[in-house]
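This is what each chain is made of:
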Amino acid sequence: PITRPRLYRLLHLVPGESAHSYELMRWSAFVTSRYREQRRLELWIQHKRNDCYRKWALDLCRRYKAIGIEDFALSKLRTKRSKEGKIGLQLAEKYGRLANLSFLRLCLKDAAPKTGTEIRKIPSQRTTITCNVCGQLVENTGALVLICPNGHQWDQDVNAGHNLVEWAQVGV
């Protein structure tokens, strides 16, 4: 987008005053104020999300004696899922910023000592491909729904969640 200073420079190159230049100046001021409003709203949303994460982490730590956190680098997850190209990378970065899971992890780690909760790091190597019903390993084909050799069918993210809960209780 053309910023206000650029527009002023462009208008000064145009000789004489015209109704069009006045309208362009008004439009420039309007657009600039909308960009400022958008940024203000983004910061407000971030503040609310962070506040929500802090409260949620404290509530979880008060409820449970141990919490399992999958041990992997979130930044690698974003680049791994962005193999679809530039648009995939842009979406991964956008949703990564919106969710900000690393801040949620940080909130859990900060709240745990206050409540006596133990944070257990669970290795992420097989959480998705180990069937949470029978324990069989499934070939990872890249599909979202995987079928185990014994016939159990599950969404890989839901299955990983069940494995994390079970392995955190056992203390893997």
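Note: the structure precedes this text.
Along every chain, residues carry numbers that run from 1 in the direction the sequence is written. Per-residue local features of the predicted model are confined to residues with pLDDT of at least 70, and side-chain atom pairs are confined, for both listing and counting, to 80 or more; whole-chain, interface and lining totals are unaffected and use all residues. Calculated side-chain values reflect all of the structure's heavy atoms, with hydrogen atoms and water omitted.

Caption draft 1: Main features of the overall build of the protein. A helix here means a DSSP run of H or I that spans at least four residues, while a strand means a run of E at least two residues long, and both kinds are numbered starting from the N terminus. Helix and strand content of the protein: six helices and four strands. Starting at the N terminus and ending at the C terminus, the protein contains elements arranged as α-α-β-α-α-α-β-β-β-α. Contacts between residues were defined by any pair of non-hydrogen atoms, one from each residue, lying within 4.5 Å. In the protein, the share of contacts with a sequence separation of at least 24, taken over all contacts with a separation of at least 6, comes to 62%. Residue-level accessible areas treat just the shown protein chains as cover; the underlying method is Shrake-Rupley with a 1.4 Å probe. In the form shown here, the protein has an accessible surface area of approximately 12800 Å², with 57% of it arising from carbon and sulfur atoms.

Caption draft 2: Examining helix α6 (residues 156-170) more closely. In this model α6 runs 21 Å from its N-terminal to its C-terminal C-alpha over 15 residues, within 8% of the 21 Å that 1.5 Å per residue would give. Any residue under 20% of the maximum accessible area for its type is buried, any over 50% is exposed, and the rest in between are partly exposed; the area is computed with a 1.4 Å probe on protein chains only. All buried positions along α6 are accounted for by Q156, N159, A160, N163, L164, W167 and A168. The arc that holds the buried residues of α6, viewed along the axis, is 160 degrees, so those residues lie on one side. Elements that come into contact with the buried residues of α6 comprise β1 (66-71), β2 (118-123), β3 (145-147) and β4 (153-155). Think of a polar contact as two N or O atoms within 3.5 Å of one another; within protein, one of them needs to be a possible hydrogen donor and the other a possible acceptor, and neighboring residues in sequence only count if both atoms come from side chains. The N-cap of α6, judged by a side-chain oxygen 3.0 Å from the amide nitrogen of D157 a few residues on, is D155. Residue count minus one, scaled by 1.5 Å, sets the expected span of a helix. What the arc measures is the spread of directions leading from the helix axis to the C-beta atoms.

Caption draft 3: Local environment of the pattern of salt bridges. A side-chain nitrogen of Lys or Arg and a carboxyl oxygen of Asp or Glu constitute a salt bridge if their distance falls within 4 Å. Within this structure, the stated rule accounts for five salt bridges. Of the charged contacts in the structure, one is a salt bridge between D51 and K55, with a shortest N-O distance of 3.3 Å. Note that D51 and K55 are positioned in helix α2 (residues 19-63) at a spacing of four residues, about one turn of the helix. For D51, a relative accessible area of 28% corresponds to the partly exposed category. As a salt-bridge pair, E118 and R120 come within 3.2 Å of each other at their nearest N and O atoms.

Caption draft 4: Representation of the side chain of T127. Looking at the secondary structure, you find T127 in the loop between β2 and β3. For T127, a relative accessible area of 0% corresponds to the buried category. Polar side-chain contacts of T127 include one of 2.7 Å to the side chain of E70. Apart from residues no more than four positions distant in its own chain, T127 is found in contact with E70, I122, N159, A160, N163, L164 and W167.

These results come straight from atomic positions and should not be treated as a statement about function.
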